[in-house]
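Coordinate analysis (summary)
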Amino acid sequence: MDNSNVALITKLVLEAVEKQKSSDDAGYLVPIGVSARHIHLTQEHVEVLFGKGYQLTKKKELMGGQFASNETVTIVGIKLRAIENVRVLGPVRKQTQVEISATDAIKLGVKAPIRESGNVAGSAPIAVVGPKGALYLKEGCIIAMRHIHMSPRDAMAAGVHDGDIVSVKADNERGTIFNHVKIRVDDSFTLEMHIDTDEANAAKIATGDTVRIISC
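Quick caveat: nothing in here was measured; it's all calculated off a predicted structure.

Some details on the layout of surface pockets
Volume-wise, the largest pocket comes out at about 720 Å³. What lines the largest pocket is a set of 32 residues, and nearest its centre among them are Ser35, His38, Leu62, Leu89 and His194. Those elements that provide at least two residues to the lining of the largest pocket are strand E1 (28–35), strand E2 (38–40), strand E3 (58–61), strand E5 (82–90), strand E6 (97–100), strand E10 (147–150) and strand E13 (192–196). Partitioned by chemical class, the residues of the lining of the largest pocket number 10 nonpolar, 11 polar and 11 charged.

Put into structure tokens, the structure is as follows:
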């Protein structure tokens, strides 16, 4: 092979490598937040579980004015299988909602559907036990749909809108692609994709790692 052919082949290989590199780097970068099981409560249910007039106490600030409280509860499935120390998130909401992983659902013996937060109609029943009382929810237990929180500025930069469904890629040794990721846009949001512990463990992802939006 003469020098001119070697030079041409080398040029083509380098161009292919650069093109692939450019393709791999494409997409809007989003940090990950791994969301463990937790519960949102109404004020009425806070008082059932912790006592009349009780107010949740703040442990850690979260985005959008939310916080992880110092309070925890026990959740119990229909076969009396329980998971203790489930963190209560505040502030109180208009509807009580329990968010668990698929593994948690198996342990509890409940058929929790994958839902967007707030959509609990027809979801799984669950019992909740606190230090001062207990309550039974006919519906309210879900597996949270994976989603990305964004400010309007981030959404504009990423070329997406509130309610869009996108795919994202984790460029680690597992190389996982997550489909059906919902975009949620609000002025109070900090850029972060939320996945549950099952998804994080399967993809070998931890809080603080990043993924890229690859389609929308």
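Now that the structure has been shown, we can carry on.
Examining the side chain of Glu199
With respect to the helices and strands, Glu199 occurs in helix H5 (residues 197–203). Within the structure, the side chain of Glu199 is placed 2.9 Å from the backbone nitrogen of Asp196, a separation counted as a polar contact. Non-local contacts of Glu199, meaning those with residues more than four positions away in its chain, are made with Arg146 and Phe178.

A word on the sheet that holds strand E11 (residues 165–169)
The strand order E1-E13-E10-E12-E11-E14 describes a closed barrel built from six strands, whose pairing is mixed. This sheet shows a mean twist of 45 degrees between the axes of neighbouring strands, independent of strand direction. In this structure, E10 lies alongside E13, joined through three bridges in antiparallel fashion. By the bridge assignment for E13, His147 is matched with His194.

Considering the packing of aromatic side chains
The geometry of an aromatic ring pair is captured by the separation of the ring centres together with the interplanar angle, meaning the angle of the planes. Throughout the structure, instances matching the rule amount to one aromatic pair. An angle of 25 degrees between the planes, with centres 5.2 Å apart, marks the rings of Phe50 and Tyr54 as stacked. We classify Tyr54 as partly exposed; its relative accessible area is 27%.

Examining the environment of Lys107
Within the element layout of this structure, Lys107 appears in helix H3 (residues 102–108). For the pair formed by Lys107 and Ala82, sequence separation is 25 residues and the distance between their alpha carbons is 8.0 Å. Residue contacts for Lys107: discarding those within four places in its chain leaves Arg81, Ala82 and Ile83.

About the cut-offs
- Residues numbered from 1 in each chain as written.
- Predicted model: local features only at pLDDT ≥ 70, side-chain atom pairs only at ≥ 80, totals over all residues.
- Heavy atoms only, no water.
- 1 Å grid on protein atoms, 1.4 Å probe; cavity = no way out; pocket = protein on both sides within 12 Å on 5 of 7 lines; lining within 4 Å.
- Points joined across faces, edges and corners; volume = space filled by probe spheres on them.
- Helix = DSSP H or I, 4+ residues; strand = E, 2+ residues; numbered from the N terminus.
- Nonpolar A, V, L, I, M, F, W, Y, C, P; charged D, E, K, R; others polar.
- Polar contact = N/O pair within 3.5 Å; in protein donor to acceptor, adjacent residues only side chain to side chain.
- Contact = heavy atoms within 4.5 Å.
- Pairing = 2+ DSSP bridges.
- Axes fitted to C-alpha atoms, helices over the stretch in contact; angles between N-to-C directions.
- Phe/Tyr/Trp six-rings, centres within 6.5 Å; stacked < 30°, edge-to-face > 60°.
- Buried < 20%, exposed > 50% of the residue type's maximum accessible area, 1.4 Å probe, protein only.

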